Amino acid sequence: MKQSLFVVLMFVVGCVVGAWFELDWELHDVSMYILYVLMFQVGISVGCSDNLKAVLSHCRPKMLLLPLATVTGTLIFAALISFVLARWNVFDCMAVGSGLGYYSLSSILITQLKMDTLGEQLATELGAIALLANICRELLALTLAPFFRRHFGPYAPISAAGVTSIDVALPAIARYSGKEFVPIAIFHGMLLDLSVPPVSYTHLTLPTT
């Protein structure tokens, strides 16, 4: 939770700096370099996981159902939100939801790929929405894990955590769902980690506002 709050703080500081100082950086290029670094980090985090072999040894075809349900449920509810938000259409809202809790990567992808169609201001605004929405998802997954477990079963905290079921939310999942669900949570987080770029790209290239 502290990490997420620190990210929000850095976002606010960045907004203040951008409002008060005129920077000569080419933000388009900077965001692309950051995106490359993030994708490299995703590969390293998956490849260097201490639990990778153990998770692979527990892999069963039916384990694919949980990440599939997480992606499907997230996109459906993101689409429904578009009926409340007149400013953004269904594809914009689904693009925000397709971050699946990976706030840093999804916000950069949205800002980068929406720049040409929405313009710099709206693309940046939608990227900021993605950042905050996915941070809120992480915070809710951490704080409401016992509620999800009690009312919806042991798989619910894993699905609610999205990508963070592999790292930040894993201790809460182990505590409330049970240690026997840790391999499933790691497998779930790894697959979602890898699926964020293609799922986001699919919705970012669809019609926009």
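Peer 1: What am I meant to see in a nonpolar patch on the surface here?
Peer 2: A contiguous nonpolar surface patch, about 770 Å² in accessible area, is contributed by Ile76, Phe77, Leu80, Ile81, Phe83, Val84 and Leu85. Here Phe77 lies in helix α4 (residues 65–81).

Peer 1: Help me understand the environment of Ala169 in this model?
Peer 2: With respect to the helices and strands, Ala169 occurs in the loop between α10 (156–161) and α11 (170–176). Judged by relative accessible area, which is 3%, Ala169 ranks as buried. In the structure, Ala169 is positioned 12 residues away from Pro157 in sequence and 8.5 Å away in space, judged by C-alpha atoms. Discounting residues that sit within four places of it in the chain, Ala169 has contacts with Leu142, Ala161 and Thr164.

Peer 1: How should the layout of surface pockets be read in this particular structure?
Peer 2: Empty space among the atoms can be located by rolling a probe the size of a water molecule over them. Size it by volume and the second largest pocket reaches roughly 620 Å³. In terms of lining, the second largest pocket is formed by 23 residues, of which the most central are Gly73, Thr74, Phe77, Ala78 and Arg137. Within the residue set of the lining of the second largest pocket, elements represented by two or more residues are α4, α5 (90–97), α8 (120–143) and α10. Class assignment of the residues belonging to the lining of the second largest pocket gives a composition of 15 nonpolar, six polar and two charged.

Peer 1: Just checking my understanding: could you explain the packing of aromatic side chains for this structure?
Peer 2: Think of a pair of aromatic rings as described by two things: how far the centres are apart, and how the planes are tilted against each other in angle. Tallied over the full model, the rule gives three aromatic pairs. Where Phe147 meets Phe152, the ring centres are 6.2 Å apart and the plane angle is 70 degrees; that geometry is what we call edge-to-face. Using a relative accessible area of 37% as the deciding quantity, one classes Phe147 as partly exposed. On the basis of relative accessibility, which here comes to 58%, the residue Phe152 falls in the exposed class. Through a chain of ring-to-ring contacts, the aromatic side chains of Phe147, Phe148 and Phe152 assemble into a single cluster.

Peer 1: I would appreciate a short explanation of the nonpolar core in the present structure.
Peer 2: One broad rule of soluble globular proteins: the nonpolar side chains tend to lie buried together. With 19 residues, the main nonpolar core has Ile158, Ile173, Ile184 and Ile186 as its most contacted residues. If you list the elements that add at least two residues to this core, you get α8, α10, α11 and α12 (182–204). For this core, the element with the highest residue contribution is α12, accounting for six residues. Judged by nonpolar contacts, the second largest core, of 12 residues, contains Met94, Leu105, Val163 and Leu192.

Peer 1: What should I look at first to understand the packing of α4 against α5 in this one?
Peer 2: Axes are the key here: two packed helices are described by the angle between their axes and the distance separating the axes. As a packed pair, α4 and α5 sit with axes 8 Å apart at the nearest point and diverge in direction by 140 degrees. Looking at the two axes, α4 sits oblique to α5. With respect to the hand of their crossing, α4 and α5 are arranged in right-handed fashion. The segment α4 lies against α5, with Thr74, Leu75, Ala78, Ala79 and Ile81 engaging Val90, Cys93, Met94 and Gly97. Class assignment of the residues belonging to the contact of α4 with α5 gives a composition of seven nonpolar, two polar and no charged.

Peer 1: Mind showing me how you'd approach the packing of helix α6 (residues 103–113) against α8 here?
Peer 2: Following both chains from N to C, one finds α6 and α8 inclined at 165 degrees, their axes separated by 8 Å at the closest point. In this view, α6 runs roughly antiparallel relative to α8, as classed from their interaxial angle. At the point where α6 passes α8, the crossing takes the right-handed sense. In contact with Tyr103, Ser106, Ser107, Ile110 and Thr111 of α6, α8 contributes Ala123, Thr124, Leu126, Gly127, Ala130, Leu131, Asn134, Ile135 and Glu138. Residues that form the contact of α6 with α8 fall into these classes: seven nonpolar, six polar and one charged.

Peer 1: What is the right way to look at the confidence of the model for the chain in this model?
Peer 2: Interpretation of the predicted coordinates at a detailed level should be avoided for regions scoring low in pLDDT. Here the chain averages 78 in pLDDT, while 72% of its residues score no lower than 70. Helix α3 (residues 52–57) is the least confidently modelled element of the chain, averaging 59 in pLDDT, while α10 averages 94, the highest of any element.

How each quantity is defined
Residues numbered from 1 in each chain as written. Predicted model: local features only at pLDDT ≥ 70, side-chain atom pairs only at ≥ 80, totals over all residues. Heavy atoms only, no water. Patch = residues over 30% accessible without salt bridge, like charges linked within 9 Å, V, L, I, M, F, W, Y side chains within 5 Å. Areas by Shrake-Rupley, 256 points an atom, 1.4 Å probe, with all protein chains shown as cover. Salt bridge = Lys/Arg side-chain N within 4 Å of Asp/Glu carboxyl O. Helix = DSSP H or I, 4+ residues; strand = E, 2+ residues; numbered from the N terminus. Buried < 20%, exposed > 50% of the residue type's maximum accessible area, 1.4 Å probe, protein only. Contact = heavy atoms within 4.5 Å. 1 Å grid on protein atoms, 1.4 Å probe; cavity = no way out; pocket = protein on both sides within 12 Å on 5 of 7 lines; lining within 4 Å. Points joined across faces, edges and corners; volume = space filled by probe spheres on them. Nonpolar A, V, L, I, M, F, W, Y, C, P; charged D, E, K, R; others polar. Phe/Tyr/Trp six-rings, centres within 6.5 Å; stacked < 30°, edge-to-face > 60°. Core = buried A, V, L, I, M, F, W, Y, C linked by side-chain atoms within 4.5 Å. Axes fitted to C-alpha atoms, helices over the stretch in contact; angles between N-to-C directions. Parallel < 35°, antiparallel > 145°, perpendicular 65-115°, else oblique. Left-handed = near helix turned anticlockwise from the far one by under 90°. pLDDT = per-residue confidence, 0-100.

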